[in-house]
Amino acid sequence: MSNYGKAFALMRDAAAGPWRDYTRHAFVEGMKDGTLPREAFLHYLRQDYVFLIHFSRAWALAVVKSETHEEMLAASRTVNGLISEEMKLHIGICEAEGISQAELFATPERHENLAYTRFVLEAGYSGDLLDLLAALVPCVMGYGEIGTRLSAEATSEAYRGWIDTYAGEDYQGACVAFGELLDQALTRRIGADFQGSPRWDRLCQTFRKATELEVDFWQMGLTP
Ligand SMILES: Cc1ncc(CO)c(N)n1
């Protein structure tokens with residue numbers, strides 16, 4: 001889990017409490033041992049589909065805020081991965097449960113969902129690429145860590161499809177690529193010793209807030 005880059009490891013260690021609450025939330029542990037009620041999972045998945053719409057918009061904003069061809073490539077690949085890969089998981093599982101794609105798209109948005117995605121977008125609107133990426137890190141890397149751990153520790157097959165998506169090569173490769181993008185973007189804008197810069201604390205605060213909003217998102221998942 002240390003191959004997600006230097007900046008991520010530092011940000012995570014600076015927000016260790018919320019990070020643990022997020023990556024070891026009861027919702028996650030319920031997927032691990034299969035005790036999570038199906039109703040809660042489907043409710044979560046519908047909300048997560050809406051989440052991914054806005055998350056894709058945030059990554060599209062990262063293309064706008066890019067300053068190099070390399071950054072544009074990394075951000076646009078992520079937009080494509082989200083829209084053409086990750087959202088397919090949601091569509092597929094929901095379809096098998098009798099929830100159509102049109103229904104999925106029309107899911108009324110819960111306020112925990114709205115708070116999180118608009119917080120991320122706002123970080124990008126009013127800041128530069130670094131502010132936006134700091135808000136995006138917990139979403140990407142958190143699911144990467146959760147997927148890897150659950151893939152090794154799951155004692156039930158109930159949520160295997162979900163786990164495999166995030167533990168799989170494609171998603172893990174995206175986490176590694178994001179770690180590189182983040183380290184390079186920081187170095188380019190504030191120097192290789194970025195953790196010593198006055199901006200660093202604020203970026204870590206943005207990371208922490210996004211992590212707390214992920215905790216609220218899991219909690220929302222438990223209350224259909
Ligand atoms: C709430 C949330 N955070 C992160 C991810 C990973 O993309 C997701 N699908 N949903």
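Reference entry: report on the structure contained in this document. All figures in this text were calculated on a predicted structure; none of them were measured in a lab. (Residues numbered from 1 in each chain as written. Predicted model: local features only at pLDDT ≥ 70, side-chain atom pairs only at ≥ 80, totals over all residues. Heavy atoms only, no water.)

### A closer look at the overall build of the protein
When helices and strands are tallied, the protein shows 11 helices and zero strands. Listed N to C, the secondary structure of the protein is α-α-α-α-α-α-α-α-α-α-α in terms of helices and strands. Against the globule reference of 17 Å for 224 residues, the protein gives a C-alpha radius of gyration of 17 Å, in line with a compact fold. Seen along its three principal axes, the alpha-carbon backbone of the protein occupies a region of about 50 × 35 × 30 Å. Buried residues in the protein amount to 51% of all 224 residues. When the accessible surface of the protein is summed, it comes to about 9900 Å², and 54% of that surface belongs to carbon and sulfur atoms. Looking at the protein, you have 21 positive and 32 negative side-chain charges, and the mean spots of the two groups are 3 Å apart. (Helix = DSSP H or I, 4+ residues; strand = E, 2+ residues; numbered from the N terminus. Rg over C-alpha atoms; globule rule 2.2 N^0.38 Å. Buried < 20%, exposed > 50% of the residue type's maximum accessible area, 1.4 Å probe, protein only. Areas by Shrake-Rupley, 256 points an atom, 1.4 Å probe, with all protein chains shown as cover. Lys, Arg positive; Asp, Glu negative; His and termini not counted. Charge placed at Lys NZ, Arg CZ, Asp CG, Glu CD.)

### A short note on the nonpolar core
Core analysis: the largest hydrophobic core is formed by 75 residues, its most contacted members being Phe41, Trp59, Trp162 and Trp218. Sequence-distant contacts of Trp218, that is, excluding residues within four places in its chain, are made with Tyr22, His25, Phe27, Val28, Met31, Tyr44, Tyr143, Ile146 and Trp162. (Core = buried A, V, L, I, M, F, W, Y, C linked by side-chain atoms within 4.5 Å. Contact = heavy atoms within 4.5 Å.)

### Quick look at the site of the ligand
Contacts to the ligand come from Asp48, Phe51, Leu52, Phe55, Glu86, Cys139, Tyr143, Tyr166, Tyr171, Glu214 and Phe217. With respect to the ligand, the side chain of Asp48 contributes an N or O atom lying 2.6 Å from a nitrogen atom. The separation between a nitrogen atom of the ligand and a polar side-chain atom of Glu86 is 2.8 Å. Expressed as a share of its isolated accessible area of 290 Å², the protein-covered part of the ligand is 100%. No other element matches the four residues that helix α4 (residues 38–64) contributes to the shell around the ligand. Looking at the shell around the ligand residue by residue, the classes come out as eight nonpolar, no polar and three charged. (Near = heavy atom within 4 Å. Polar contact = N/O pair within 3.5 Å; in protein donor to acceptor, adjacent residues only side chain to side chain. Nonpolar A, V, L, I, M, F, W, Y, C, P; charged D, E, K, R; others polar.)

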